[in-house]
Amino acid sequence: MPVLRVIHDCDRFALTIERLCRHLIEEHGDFANTCLVGVQTGGVQLAERLRDKLTQMGVTDYDYGKLDITFYRDDFRTAKGPLTPQQTEIDFLVENKRVILVDDVLYSGRTTLSALTALNHFGRPAQVELLVMVDRRFRRSLPIKANYRGITVDSLHDEYVEVQWAETHGKDQIILTGSE
Amino acid sequence: MASDQQLSTKHVLGIKYLTAADVELILDTALQFKEVINRPIKKVPSLRDTTVANLFFENSTRTRISFELAEKRLSADTVNFSAASSSVKKGETLLDTVNNILAMKVDMVVMRHPAPGAHHFLASKIDASIVNAGDGTHEHPTQALLDAYSMRDALGGDLRGKKICIFGDITHSRVALSNVFCLQKLGAKVRVCGPPTLIPKHMRSLGVEVSYNVDESLAWCDVANVLRIQLERQDTKFIPSLREYNRHFGITRERVDRLDKPVVIMHPGPINRGVEIDTAVADSEHSIILEQVENGVAVRMAVLYLLAARRKEG
C-alpha cells in the first residue's frame, strides 16, 4: 500500500517562500538586471508564489517568464516524458541578464539541463541560477546543483516527492509518497 | 491539455481519417510551435534523431518550403526529391522509388502525388509514417489544419457554430474536401459556393450547404475561404471565361464593400488575382492570407512532432 507523509506543512511552506525571497533580495538587490523564469508546470506555480511575495516586499521591476521544456526533453525518443507542450511566455531576451530558473523539485537534473538548453534560445545570459522548492539531493544523474533550495529531502529511489499547491490541491504542502 | 495525449494514427493520410480529438491536439500543439517560430532562435531539438523524406511528384512552392522549414526547425534531417529530376522519369514505380529511399533509413515520408490514394497504397506497404502533402483532387490535410488554425486565431478560438464558406472551384480542389472534413470535426457550419459546374453533386451528402449565389453566401459567412480556379486539372470547359467567372463568382471589392459586417478573407494560394479574388480584397485588412502561410509552418511542425512521438512509442 502506498503511504503519504506530509514533509512540509502549510505554515512551514509559507516561511520557506519568504526565506527564499529574502535570499534572492540579498543576492540580487533591486533585481535591475534579473529575470525570474519558471519551468512549466510546477516551477511556474512556485515562481508565481515567489512573485507575489517579492511584490509584498517591494520588488516589482524585473522580467518574468514561463518556460516549457517539452520540445527539449532528452527522453522524447522513449515517449516517457510529457508529450503535450505547455505555454512558453518569454517576451524578453535574456542576453547578459542574470536569470533565476525556478523549478519545484530537483531530482535527476535532466529537467534543468533541458531548461538550460531551452533558455539559450532566448539569448546568452550573463549568469543562470537555479532555485528549487525541493532538492532530492541523492540520485542526481547530472552535475547540477541548486543555488537556492527550499528543503532538502533524502529519499529512496522508489519514493515520490510532490509539491502541492492551494490552487490545485487545496493546500500548500509537500508530500512524500512511498511504499510501506 | 492532458500530458499523455497521442494521435490515434501513425499516418496523416487525410482529415477524414483523423478524429476530432486528433485535430484539436494538432491545433493546440501548433499554438506552442507558433511561439517557437517567433523566437530569436527558431529551432527545437525534438526530431534530431529523425530523418524525413520530402517526395514531391507534383509541383509545389509553399507546401514544400513550409514542410522543409518545419522539419529543419524541429532539427530533423531532410532529403528532398522531385519527380522531374529523378528516376521516375526512367520508369521506376512509386513503391520502388520509396523503398529505395527508405533503405537509406528514413523515418517519415512527406509526399505529394497526383494520384488520389497513392498515400494509402504506400501506407499499406511501408513502415515509415506518411504525411499527405496533397493527393490529386482528394485531400490536402495539412492545408486544412492550417486553415482551421488561422480561422481559430482570427475568430478568437472556438469554431463551433461559426459559418465558413468555401468559394470557387470545389470539384478540382483537394483543399475543399479536407476543409469540409476538418471544419465539421471542429463543429463549424460549412457551405460551398461556386458555379454549378465546379461543385460536385456529392457535396450535399457530406452535410455541406451548397449555394450558387456569391453575394448571399458572403453575407452569410464569418470566413470566406477562396479557392483557385484549377485550370491545369480541367480537361473540359467548366466556365465560359475567366473574365465571366470573375464577374459572377469572383470575390470583388464591390461585393465585399456591400457587406454590413467584416468577413475574414482566406486563400490557400497560389492566387489568381483578378479571377477568383481581387487584389484589393486579397490585400485588405480583413485578409489573413499571409498569416495562413506563417501558421502553416507551426501546424506542420505539430503534425511531424506528434507523428514522431507516436513512432517512438510504437
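Residues numbered from 1 in each chain as written. Chains lettered and ligands numbered in written order. Predicted model: local features only at pLDDT ≥ 70, side-chain atom pairs only at ≥ 80, totals over all residues. Heavy atoms only, no water.

In the nomenclature of an unreviewed UniProt entry, chain B is known as Aspartate carbamoyltransferase of Neolewinella agarilytica. Turning to chain B, the UniProt record has this under Pathway (unreviewed entry): "Pyrimidine metabolism; UMP biosynthesis via de novo pathway; (S)-dihydroorotate from bicarbonate: step 2/3." Per UniProt, chain B carries the Catalytic activity (unreviewed entry) text "carbamoyl phosphate + L-aspartate = N-carbamoyl-L-aspartate + phosphate + H(+)". (UniProt positions renumbered as here; feature names shortened; annotations may be inferred.)

Chain A appears in an unreviewed UniProt entry as Pyrimidine operon attenuation protein / uracil phosphoribosyltransferase from Neolewinella agarilytica.

Some details on the overall build of chain A
In terms of helices and strands, chain A carries four helices and eight strands. Start at the N end of chain A and walk to the C end: the helices and strands fall as β-α-β-α-β-β-α-β-β-β-α-β. Rg of the C-alpha trace for chain A: 16 Å, near the compact-globule value of 16 Å for 180 residues, within the 12% margin. Projected onto its principal axes, the C-alpha coordinates of chain A cover approximately 50 × 40 × 30 Å. Taking as baseline every contact in chain A between residues at least 6 positions apart, the subset at least 24 positions apart corresponds to 70%. Computed over 22 positive and 27 negative side-chain charges, the separation of the two mean positions in chain A equals 5 Å. (Helix = DSSP H or I, 4+ residues; strand = E, 2+ residues; numbered from the N terminus. Rg over C-alpha atoms; globule rule 2.2 N^0.38 Å. Contact = heavy atoms within 4.5 Å. Lys, Arg positive; Asp, Glu negative; His and termini not counted. Charge placed at Lys NZ, Arg CZ, Asp CG, Glu CD.)

As for the overall build of chain B
A count of helices and strands for chain B gives eleven helices and nine strands. Against the 2.2 N^0.38 benchmark of 20 Å for 314 residues, chain B shows a C-alpha radius of gyration of 19 Å, consistent with a compact globule. Based on the C-alpha atoms only, the size of chain B along its principal axes is roughly 55 × 45 × 35 Å. Counting only residues that meet the buried cut, chain B has 57% of its 314 residues in that class. Taking contacts inside chain B between residues at least 6 apart in sequence as the whole, the part at least 24 apart equals 74%. Of the accessible surface of chain B, which amounts to about 12,900 Å², a share of 50% is contributed by carbon and sulfur atoms. (Buried < 20%, exposed > 50% of the residue type's maximum accessible area, 1.4 Å probe, protein only. Areas by Shrake-Rupley, 256 points an atom, 1.4 Å probe, with all protein chains shown as cover.)

Thoughts on the packing of aromatic side chains
Enumeration over the complete set of coordinates arrives at seven aromatic pairs over all chains. Ring geometry for B:Phe57 and B:Phe81: centres 5.1 Å apart, planes at 55°, overall tilted. Residue B:Phe57 is located in the loop between β1 (51-56) and α2 (62-73), and its partner B:Phe81 is located in strand β2 (residues 77-82); the two are separated by 24 residues in the primary sequence. Using a relative accessible area of 14% as the deciding quantity, one classes B:Phe57 as buried. Members of the aromatic cluster, each reached through a chain of ring pairs, are A:Phe71, B:Phe33 and B:Tyr305. Stacked on the ring of A:Tyr107, the Lys or Arg A:Arg136 has its end atom at 4.0 Å from the ring centre. Above the face of the B:Phe56 ring, B:Arg64 is positioned so that its terminal group lies 6.0 Å from the ring centre. (Phe/Tyr/Trp six-rings, centres within 6.5 Å; stacked < 30°, edge-to-face > 60°. Lys NZ or Arg CZ within 6 Å of the ring centre and 35° of its normal.)

Describing α2(B)
Residue and element names in this part refer to chain B. Between the first and last C-alpha of α2 there are 16 Å, a value that for twelve residues agrees with the 16 Å anticipated at 1.5 Å per step. What α2 keeps buried is the set Thr-63, Ser-66, Phe-67, Glu-68, Ala-70 and Glu-71. One or two residues past the end of α2 sits Ser-75, with phi positive at roughly 70°. (Expected span 1.5 Å × (residues − 1).)

Let's talk about the packing of helix α1 (residues 10-28) of chain A against helix α2 (residues 42-56) of chain A
All names here are of chain A. In contact at an axis separation of 9 Å, α1 and α2 are set at 70° when each is read in the N-to-C sense. Judged by the inter-axis angle, α1 sits roughly perpendicular to α2. Along its contact with α1, which presents Ile-17, Glu-18, Leu-20, Cys-21 and Ile-25, the element α2 presents Leu-46, Arg-49, Leu-50, Lys-53 and Leu-54. Of the residues that constitute the contact of α1 with α2, the class distribution is seven nonpolar, no polar and three charged. (Axes fitted to C-alpha atoms, helices over the stretch in contact; angles between N-to-C directions. Parallel < 35°, antiparallel > 145°, perpendicular 65-115°, else oblique. Nonpolar A, V, L, I, M, F, W, Y, C, P; charged D, E, K, R; others polar.)

Observations regarding the interface of chain A and chain B
Every contact between the two is made by 19 residues of chain A and, on the other side, 27 residues of chain B. For the chain A and chain B pair, buried surface summed over both sides reaches about 2,100 Å², with 61% attributable to carbon and sulfur atoms. Looking at the side of chain A facing chain B, the largest losses of area belong to A:Phe71, A:Phe76 and A:Leu83, adding up to 35% of the total buried there. Counting every contact that joins chain A to chain B gives zero salt bridges. Across the side of chain A that touches chain B, the residue classes break down as nine nonpolar, seven polar and three charged. (Buried area = accessible area lost by both parts, 1.4 Å probe. Salt bridge = Lys/Arg side-chain N within 4 Å of Asp/Glu carboxyl O.)

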